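# What the coordinates show
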Amino acid sequence: MPAADRPTAPAARPAPLAEPLEQGHSPWQDAWQRLQKNRLAVFGLWALVVVSLACVVGPWLMHFGYEEQNLDLGATPPSGAHWLGTDTLGRDLLVRLLFGGRISLAVGLAATLVALTIGVVYGAVAGFIGGKLDAFLMRTVDIMYALPFAIFVILLMVFFGRNIVLLFVAIGAVEWLTMARIVRGQVMALKKMEFIEAARALGFGQRRIIFRHILPNILGPIVVYTTLTIPGVMLLEAFLSFLGLGVQPPMSSWGVLIKDGAEKMEEFPWLLVFPGALFSLTLFSLNFLGDGLRDALDVRSSKD
Amino acid sequence: MLRFITSRLLQSLLALFLVITATFFMIRFVPGGPFTAEKAVTPEILRNLEAHYGLNKPLGRQYLDYLGSLARGDLGPSFKYPNRTVNEILADKLPVSLELGLWSLAIALVVGIGLGTVAAIRRNTWIDYVASTFGMIGISIPTFVVGPLLVLALAIHAGWFNASGWYTPADRVLPCLVLGLAYAAPISRLTRGGLLEVLHQDFIRTARAKGASEFRVVTRHALRGGLLPVVSFLGPAIANILTGSFVIETIFQIPGVGREFVNSAFNRDYTLVLGTVILYAALLMLLNLASDIAAAWMNPKVRLEA
């Protein structure tokens, strides 16, 4: 549409007879509008969309495979043919970066999903049923908070062969504790409310009340905390890969690339700089988005 | 208060016992043993070795033996360092990690609380934005990116420091800076958030009305409540800092506990793995308890419930 048409466009609409009722906004729409005002969160959202799309689609569009070696070429700085340069085996860094991104993002999402599932179910059950069961479950969480989990994950990965599924499970099993606490606190506050009493009066079972009536009402904190868990999980994966315990070659992840880059940075600094920058950008975006969501959904940090 | 502490100590002891048991049996069910990598070990020598370290006894018996010597404070002999005990090795490595940790902690506290306080007082000015951006950057960029980049810039190109090692005082600068700033970032965010919550409360207005200087209002009245989130964060954080960041010790080749732990796991050095885990878990639990007590002391509203 030509720009000049725009001012006339509203007038072309038939004038309404009466002032129409203002459209209502759902709380989610309100939150979305608040989020859009937060420039850093919007930036984070777009950066994440671009990075994920590039990682998923990118490798198919490239001329090089991620393990395609060119030993004659060796390590070269960024050039027209290889935009981000090549590594010591002559592999294209951009392709490896996008491919590694798939793994890093997949680990981030999958392990977060594990943590989310355990944490939500555990917290909801503890909060809803209450009493002795709640005391037992939360005391268990307290004790587990005191365990050196980073050490356990390292031990697991050293001993049981660095398998990627184990990686998901191990990281997920570490990260669910805070989610359980948050969900429990929210459930405890909700379960006294009248609509829950109404659901009980209607004879609904506990499972139905928890999953159909309570959980939808605490989606806000869950979404926020999930967004903030993903960067933590990705950091843990990269940390393990950096120690040589995560993803194994010829597969790559951002952690692996950063580790390789750090070893060769003296001669070939681009091998460290690009993976480091992309990984940091992604974590940055996730953190900004999570912070923005927290403000937009007005979630106060949980206190139990 | 005393009841709280005793009950928490008992709880910690139980948790510690669980950690020891879980770790003990986990490492035994893993393929490979401490002597599998040794070349040219004949079956007879292997048997002798195993007999020497008691590895030929039933597993349950070994477990009880271990608990017994642990009760006497003896973490056992190392399987990989001949003629050295785990106690000696840890006594060797711990001071290094402690030195790294204490300097880093000092940097983290000074920079973190300083920046957070300034940001909260000058809310929504450029100072606040700079401080908040620093906090976000510090949280998002991992130490294993910052560390190598700083080495590249300041050690390799500028030549001000050695790229790795732990010999001269100058060798301390980069690792402590990287580790310290990594913890300064979350501390500055927590300080800012905590202070903002406190600064508009009535007792602050009262303090101002009494004519207290702004400096006194902040340092004497606001910070006490405002630092509560920081104190809760510090318990586990200090344990992490003190026992050495595995990554920092790896990057800078610092002979501390963290690096030793990763190596001992690779080497299947059972006793050394267990010793490090126990050291770390005990420290973590003690510091958690300490930070809970400190939080209660700072805020009478927090009641200690065992």
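The structure displayed is predicted, hence computed values, not measured ones. Residue numbers restart at each chain and count upward from 1, following the sequence in its written direction. Key to labels: chains lettered from A, ligands numbered from 1, both in the order written. Reporting in this predicted model follows two pLDDT cut-offs: at least 70 for local features of residues, and 80 or more for side-chain atom pairs to be given and counted; totals over whole chains, interfaces and linings ignore these cut-offs and use all residues. Values reported for side chains reflect all heavy atoms of the structure, with hydrogen atoms and water molecules removed beforehand.

### Quick notes on the overall build of chain B
Only DSSP runs of H or I reaching four residues or more are called helices, and only runs of E reaching two or more are called strands; each is numbered from the N terminus. On a plain count of helices and strands, chain B comes out with 13 helices and zero strands. Listed by position from the N terminus, the elements making up chain B come as α-α-α-α-α-α-α-α-α-α-α-α-α. The dimensions of chain B, computed from C-alpha atoms along their principal axes, are 85 × 55 × 30 Å. Residue burial is assigned from relative accessible area. The probe radius is 1.4 Å, only protein chains are included, and a residue is buried under 20% of its type maximum, exposed over 50%, and partly exposed in between. Taking all 306 residues of chain B together, the buried fraction comes to 46%. Only the protein chains shown count as cover for residues, and all accessible areas are computed by the Shrake-Rupley method using a 1.4 Å probe. Just so you have it, chain B exposes about 15,100 Å², and 64% of that area is on carbon and sulfur atoms. Only four residue types enter the charge count, namely Lys and Arg as positive and Asp and Glu as negative; His and the chain termini do not. A charged residue contributes its charge at one atom only: NZ of Lys, CZ of Arg, CG of Asp or CD of Glu. Placing the 26 positive and 18 negative side-chain charges of chain B at their respective mean positions leaves the two points 9 Å apart.

### Points about the overall build of chain A
Each helix and strand counted, chain A has 12 helices and zero strands in total. Sequence-ordered secondary structure for chain A, helices as α and strands as β, is α-α-α-α-α-α-α-α-α-α-α-α. By the burial criterion, 48% of the 304 residues in chain A qualify as buried. Contacts are residue-level and defined by heavy atoms, with any inter-residue pair within 4.5 Å sufficient. In chain A, of all internal contacts separated by at least 6 residues, the share reaching a separation of at least 24 is 71%. Total accessible area on chain A stands at roughly 15,600 Å², and carbon and sulfur atoms take up 64% of it.

### Describing the interface of chain A and chain B
Of the residues lining the interface, 40 residues belong to chain A; the matching set on chain B comes to 42 residues. By buried area we mean the combined loss of accessible area, with a 1.4 Å probe, across both parts when two parts are placed together. Each partner contributes to the roughly 3,500 Å² buried at the junction of chain A and chain B, and carbon and sulfur atoms together form 82% of this total. Among the residues chain A hides against chain B, the three largest losses belong to Ile151, Phe159 and Phe242 of chain A. Together they make up 17% of the total. Salt bridges are counted wherever a side-chain nitrogen of Lys or Arg sits within 4 Å of a carboxyl oxygen of Asp or Glu. On the surface where chain A and chain B come into contact, there are zero salt bridges. Any N or O atom pair separated by 3.5 Å or less is treated as a polar contact, with the protein-specific requirement of one donor-capable and one acceptor-capable atom, and with residues adjacent in sequence counted only for side-chain atom pairs. Counting across the chain A and chain B interface gives one residue pair in polar contact (both at pLDDT 80 or more). Breaking the side of chain A that touches chain B down by element, the ones donating at least two residues are helix H5 (131-145), helix H6 (149-159), helix H10 (219-242), helix H11 (254-264) and helix H12 (270-296) of chain A. Among the elements that make up the side of chain A that touches chain B, the one with the highest residue count is H12 of chain A (11 residues).

### Details of the pattern of salt bridges
Residue and element names in this part refer to chain B. Within the structure shown, the criterion is met by nine salt bridges over all chains. Residue Lys93 is joined to Glu260 by a salt bridge in which the shortest nitrogen-to-oxygen separation is 3.3 Å. On the criterion of sequence distance, the pair formed by Lys93 in helix H4 (residues 86-121) and Glu260 in helix H12 (residues 257-266) is long-range, its members being 167 residues apart. On the basis of relative accessible area, Glu260 is assigned to the buried category, the value being 6%. Here Arg205 makes a salt bridge to Asp202, at a shortest N to O gap of 3.3 Å. Within this pair, Arg205 and its partner Asp202 are both found in helix H8 (residues 202-209), separated by three residues, close to a single helical turn. Across the pair, Asp202 and Arg205 agree in class, each one exposed.

### What to know about the packing of helix H1 (residues 2-28) of chain B against helix H13 (residues 270-298) of chain B
All names here are of chain B. Axis angles are defined between N-to-C directions and span 0 to 180 degrees, where every axis is a line fitted to C-alpha atoms and, for a helix, only to the segment in contact. Packing of H1 against H13 leaves a shortest axis separation of 10 Å and a crossing angle of 160°. By the angle between their axes, H1 is roughly antiparallel relative to H13. By crossing handedness, the relation of H1 to H13 is classed as right-handed. Roughly parallel refers to an angle under 35 degrees, roughly antiparallel to one over 145, roughly perpendicular to one between 65 and 115, and oblique to any angle outside these ranges. Handedness of each helix crossing follows the sense of rotation of the near helix against the far helix: counterclockwise by less than a right angle gives left-handed, clockwise gives right-handed.

### Side note on a nonpolar patch on the surface
All names here are of chain A. On the surface, Trp46, Val49, Leu53, Val56, Val57, Trp60 and Leu61 cluster together into a nonpolar patch covering about 780 Å² of accessible area. Tracing the chain through its elements places Val57 in helix H3 (residues 39-61). Residue class for Val57 comes out partly exposed when judged on its relative accessible area of 33%. Only residues whose relative accessible area exceeds 30% and that form no salt bridge enter a patch; like-charged residues are grouped when within 9 Å of one another, and nonpolar side chains (Val, Leu, Ile, Met, Phe, Trp, Tyr) when within 5 Å.

### Focus on the packing of aromatic side chains
Each pair of aromatic rings is reported with the distance of its centres and the angle of its planes. Note on ring pairs: Phe, Tyr and Trp rings are taken, using the six-membered ring of Trp, and paired if centres are within 6.5 Å. Classes follow the plane angle, with under 30 degrees stacked, over 60 edge-to-face and the rest tilted. Applying the stated criterion to the full structure yields nine aromatic pairs over all chains. Both rings, one in Phe242 of chain A and one in Phe144 of chain B, keep their centres 5.2 Å apart while their planes meet at 25°; by these two values the pair is stacked. One end of the pair, Phe242 of chain A, is in helix H10; the other, Phe144 of chain B, is in helix H6 (residues 143-157), on a second chain. Of the residues examined, Phe242 of chain A reaches a relative accessible area of 8% and is grouped as buried. Taken together, the aromatic side chains of Phe242, Trp254 and Phe279 of chain A together with Phe144 of chain B make up a single cluster linked through ring pairs.

### What to know about the packing of H6 of chain A against H12 of chain B
When two helices pack together, their arrangement is captured by the angle between the axes and the distance separating the axes. The interhelical angle for the contact between H6 of chain A and H12 of chain B, taken along N-to-C directions, is 30°, at an axis separation of 9 Å. With respect to H12 of chain B, the element H6 of chain A is oriented roughly parallel. The hand of the H6 of chain A/H12 of chain B crossing is right-handed. Packed against H6 of chain A, whose contacting residues are Ile151, Ile154, Leu155, Val158 and Phe159 of chain A, the element H12 of chain B presents Phe261, Ala265 and Phe266 of chain B at the interface.

### Here we look at the nonpolar core
Ile154, Leu155, Phe239 and Trp254 of chain A together with Phe144 and Phe261 of chain B are the most contacted members of the largest nonpolar core, which totals 142 residues. Per element, the largest residue contribution to this core is 13 residues, and it comes from H13 of chain B. Residues contacting Trp254 of chain A, with those up to four places away along its chain left out, are Val51, Cys55, Leu97, Gly100, Gly101, Ser104, Met234, Leu278, Phe279 and Thr282 of chain A. Side-chain atoms within 4.5 Å are what join buried Ala, Val, Leu, Ile, Met, Phe, Trp, Tyr and Cys residues into a set we call a nonpolar core. Judged by nonpolar contacts, the second largest core, of 18 residues, contains Phe128, Met179, Ile209 and Leu215 of chain A.

### Structural notes on the layout of surface pockets
Both site types are read off a 1 Å grid over the protein atoms alone. A 1.4 Å probe that fits but cannot get out defines a cavity, while an open set with protein on both sides within 12 Å along at least five of seven lines defines a pocket; lining residues have an atom within 4 Å of a point. Grid points are joined across faces, edges and corners, and a volume is the space filled by probe spheres set on the points. In this structure, the second largest pocket encloses a volume near 510 Å³. Along its surface, the second largest pocket is lined by 20 residues, and Ala262 and Glu263 of chain A together with Thr250, Ile251 and Gln253 of chain B are the ones closest to its centre. Looking at the lining of the second largest pocket, the elements that each hand over two or more residues are H11 of chain A together with H6, helix H11 (246-251) and H12 of chain B. Per-element accounting of the lining of the second largest pocket gives the leading share, four residues, to H11 of chain A.

### Description of empty space enclosed by the protein
As enumerated under the stated definition, the model contains two cavities of 30 Å³ or more in all. Taken together, the residues of the lining of the largest cavity sort by class into six nonpolar, three polar and one charged. Each residue gets one label: Ala, Val, Leu, Ile, Met, Phe, Trp, Tyr, Cys and Pro are nonpolar, Asp, Glu, Lys and Arg are charged, and the others, such as Gly, are polar.

### Some words on the confidence of the model for chain B
Chain-level pLDDT for chain B is 81 on average; 93% of the residues reach the 70-or-more range. Per-element confidence in chain B ranges from a low mean pLDDT of 73 for helix H2 (residues 43-52) of chain B to a high of 88 for H4 of chain B. Summary of the metric used: pLDDT quantifies the predictor's per-residue confidence within the range 0 to 100.

### Quick word on the environment of Arg123 of chain B
All names here are of chain B. Mapped onto the elements of the fold, Arg123 is located in the loop between H4 and helix H5 (126-140). With 27 residues separating them in the primary sequence, Arg123 and Leu150 have C-alpha atoms 31 Å apart. Among residues more than four places away in sequence, those in contact with Arg123 are Asp128, Arg192 and Leu196.

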